[in-house]
Amino acid sequence: MRVRSRKAAGVAVAAALAAAALPSAATAVVPTQFIAKTYTEALGRGPSATDWSNSVDYFTRNGCSSSTLKSYGKSTLLSAEFASFGYDNVARVIAGYRAALNRDADTSGLTNLVWELDSRTTTWSGAVDKLFDNAEFEALVTRICSTTSPDYDFGVGAAVDAPTSGTGFTGTQAALQTALDAAGSGTTVTLAGRAVIRLSSPLRVPAGVTLQTVGTPGPSRYAQMARLVRADLFPTFAQPAVVLSPGAKLRSVWVDGQMSDPLRRKESAYNVRTLSGTGTEVSNARLSNPAGATNLAAAGGADTGTACVGNVFTGNLIDAYSSDHVGLSWSNGIAVGCEDATVSGNTVVDASDTGIALRGQLGIAQRSQVQGNTIINAGESAHAAIALDPGRNVGGAGDAAGSSSRSFTGALVRGNTLFNSARAPLSIGIAAGTRAWYGTRALNGSGATVDGNGTGSAGLWAQNGIVVSGMLSATVSANTLAPSLVTGPSSCVSAAIGADVSGRQASGTIQTPYADRPYADCIGDRKRTIVERSGSAHLFAVYDFGTECSLNEGARRLQAMGTRTIKVALYDAARYYKFGACDWSSVPATATPNQIAQTAEYRALFSMDFSSYAMMTYSSLGLDYWLTGVSDAQCALETREMQDLATTLLQSYRGSGKEFVIQNWEGDWAIRGPSRNPDDLPTATAVAGMTRWINCRQAGIEAARTSVASDVKVLQGCEVNLVQRALARLPGTLINDVIPRTDCDLVSYSAWDSVGAAAAGDTAAGKVALTSALDLIASRAPPPDAYTRAALGKAFPRNVYVGEYGWPENATSSAQADYVIRTATETALDWGARWAFYWQLYDNELVNPRLTTRPRNGDVNGYWLIKPDGTRSLAGDYLVDDVWRRVSG
């Protein structure tokens, strides 16, 4: 049955609400994500452009308060459109809870309210009043009406079992998988309405099989759909929830990633992934809150080796409310690698990366059609609403100007509507090519058409409406985006239409007027180049080259290799740098770090062309004295010595813009004392002692920063190393027991317990292991203050870096080393780690510790960039040739 258009209903609702009394506590805030959620959760669709304009006007005139929010929400839940769905009381309560309380109904809440409605002890209007007139909703109002951000995620609470409706499957994932596997191609497996199937591994729909809800309800009646949900609020598997084999179809099913906290995101935990093939379909589905990088990911022929033909993705309602653009926990709405797909009639709300992306394919023309979709950014900013993405060369340079390696001939982006909140601006409305993301790593496409796209009667706030950069022979015409140009969220120069024609990165028919300017490496804060992020440790080596002090000799070699980022020891210099013409006579074991920093050797180091220095630093009290507690006198001395060091760095190198990080060594080992046994749990005294020790150091660094004006940045990094233990929910970890109780600026991860997951060749597993660990660290790290945020830059809101990673090349095969090193480097940098330090320049581990002569290549374990014979290692070749010298951003 066709329902009455919300376009007309929206006008009536706005007119009726205009008469509502303006509460005294009302503010001028427009709760744009609340507007979008009211539509998606109550009406199972996004607001039209007219609905949006009417709703924004209502809150602009009447303010944001519990009273206006309730009036708005109640009018929607009592509207003729909602009534037309024919919901029973269970479905009404499911939708009501999500619309009013920003969460799923709990079992008792659902049961009790349905009973009241069934027994007629309350009316539907009375039930809606109960949802809005309670302390839980009042607590939400502050977040909904926030003056800083319209985004308030989606509430914690797993999907509960509800009474099902109609005939069809109900049961466990295992039983459903058995039924799907038994179904032949061309047959349908039907799920009961509102059946909830919890997934602890990917549910696989075989080739040619259709999985659907009984009665095939559309998104407007999503509360009647069967629901496939992840089994745990913390994603238990870093794989797609549902995988469609070639020709499989998913119709009228709700797939929910159950993501309530963007810091729990796991990159590859998509909601749905389709494998390349013929006739695959996802239609009239609800896809919500993905736990990973996208809701719907469609593989293409270049991904699987099987041609992708006639795939259809249509009529779906897609949201990513709990993703996070600012925090880099991005999610796409639809990411299509399939070279022959129809993407039409979908609504995507609050995708924080890209609403719809068409991926280029190596050797295959991307000819998919993206038509008639609506993309809304209500609470989350995004890089783009729609992007034609030829991709990038992660390991080196991309396509040269004027050349293209990815064909988009036949690809069409037409008749799509995109609008957003001024509080959730886009970097780019529609991007034809992705040089703005990848700079010199970008591959170029050719032949795409972008025409007839607009904003309806709503507005678009973006830095750029359309950008053509990385797309040749393009046709861009008759688009009516007319954006209000804004500053932030990227460093791209603004224009309604921009194209890099002079730079030979854009050509074809491009609607005028357009600004001819470069768009390269400007999405996000791209001021930090790879060589300012990727570096190496240089300390405690067992060999050197030449006669210069080994501290400086190694640093000069690293500088010549191309990196501008180094990790050194600023402690016990005679032990850590024992070769060459070093004069450590003025720095005995009791020297303060400031005394060490002012030696000729360290002054020479700090004058080199490095932008960042991470320094393993301890006071004259030594490494682990805090294991038995920290006295007031010890705290005062620790604070004073850190203040003295920071003051010297801030003053002596003023004008250089350098960044210095004062850090400890692997704290999970240190807190265990001499044993270094992960199963030896830290004592309560050690936990308290280390916590105080870190805070005493932080106090000294902050005191120096307060008293010395400088463009130099000095920060404290606190290093953890047993994060996989914390992910396994085992006791005795710094990231759980110490770090959250400190004021530390940054958290460093010595990542040895994660990087080995890629050694067997499963690079996906390696990526998941490291990403999961970094996600957990970010969730536990103290929130960065303004000083730290400024030092990190806008592109790095998470105050986390990788302090050590590497692999012993002599102890394993070259293939294993290559898997680990490449996977760890790319994962750390793509995740957004501010720095990633390879361990290390020269090896520090002898196979035979009693060796007294200069080691040969086979005498060390292979933690190196340069071997004892002076040749580069596998890691050295990769980092120098593929990262430091060839990658720009």
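Scroll up to find the structure this text is about.
These figures come from a predicted structure and were not determined experimentally.

Novice: If you had to explain the overall build of the protein chain to someone new, which residues and values would you point to?
Specialist: In terms of helices and strands, the protein chain carries 26 helices and 41 strands. The C-alpha atoms of the protein chain give a radius of gyration of 29 Å, which matches the 29 Å a tight globule of 889 residues would have. With the C-alpha coordinates aligned to their principal axes, the bounding extent of the protein chain is approximately 90 × 60 × 55 Å. A burial count over the protein chain gives 61% of its 889 residues as buried. Restricting to contacts in the protein chain with at least 6 residues of sequence separation, those with at least 24 account for 80%. A total of about 29500 Å² of accessible surface is found on the protein chain, and carbon and sulfur atoms cover 52% of it.

Novice: Describe the nonpolar core, with residues and values.
Specialist: Tyr602, Leu605 and Phe606 are the most contacted members of the largest nonpolar core, which totals 111 residues. When residues of this core are assigned to their parent elements, the largest contribution, eight residues, is made by helix H19 (residues 684-707). Leaving out residues up to four positions away in the same chain, Tyr602 has contacts with Leu551, Ala569, Leu570, Ala573, Tyr577, Trp584, Ile596, Ala597 and Tyr653. Formed by 69 residues, the second largest nonpolar core is a distinct cluster that contains Phe169, Ala248, Val348 and Ala448.

Novice: So what about the packing of helix H25 (residues 814-831) against helix H26 (residues 874-884)? Which residues, and what values?
Specialist: When two helices pack together, their arrangement is captured by the angle between the axes and the distance separating the axes. It is at 10 Å that the axes of H25 and H26 come closest, and there the two elements cross at 40 degrees. With respect to the hand of their crossing, H25 and H26 are arranged in right-handed fashion. In this structure, H25 contributes Ser814, Ala817, Asp818, Ile821, Arg822, Thr825 and Glu826 to the contact, and H26 contributes Leu874, Ala875, Tyr878, Leu879 and Asp882. Its residues assigned to classes, the contact of H25 with H26 shows six nonpolar, two polar and four charged.

Novice: Any details on empty space enclosed by the protein? Residues and values, ideally.
Specialist: Under the counting rule described, the total for this entry stands at four cavities of 30 Å³ or more. By volume, the largest cavity is sized at about 160 Å³. Considering the residues around the largest cavity, the lining is formed by 15 residues, among which Ile94, Val160, Ala162, Val196 and Arg227 are closest to the centre.

Procedures and definitions
Residues numbered from 1 in each chain as written. Predicted model: local features only at pLDDT ≥ 70, side-chain atom pairs only at ≥ 80, totals over all residues. Heavy atoms only, no water. Helix = DSSP H or I, 4+ residues; strand = E, 2+ residues; numbered from the N terminus. Rg over C-alpha atoms; globule rule 2.2 N^0.38 Å. Buried < 20%, exposed > 50% of the residue type's maximum accessible area, 1.4 Å probe, protein only. Contact = heavy atoms within 4.5 Å. Areas by Shrake-Rupley, 256 points an atom, 1.4 Å probe, with all protein chains shown as cover. Core = buried A, V, L, I, M, F, W, Y, C linked by side-chain atoms within 4.5 Å. Axes fitted to C-alpha atoms, helices over the stretch in contact; angles between N-to-C directions. Left-handed = near helix turned anticlockwise from the far one by under 90°. Nonpolar A, V, L, I, M, F, W, Y, C, P; charged D, E, K, R; others polar. 1 Å grid on protein atoms, 1.4 Å probe; cavity = no way out; pocket = protein on both sides within 12 Å on 5 of 7 lines; lining within 4 Å. Points joined across faces, edges and corners; volume = space filled by probe spheres on them.

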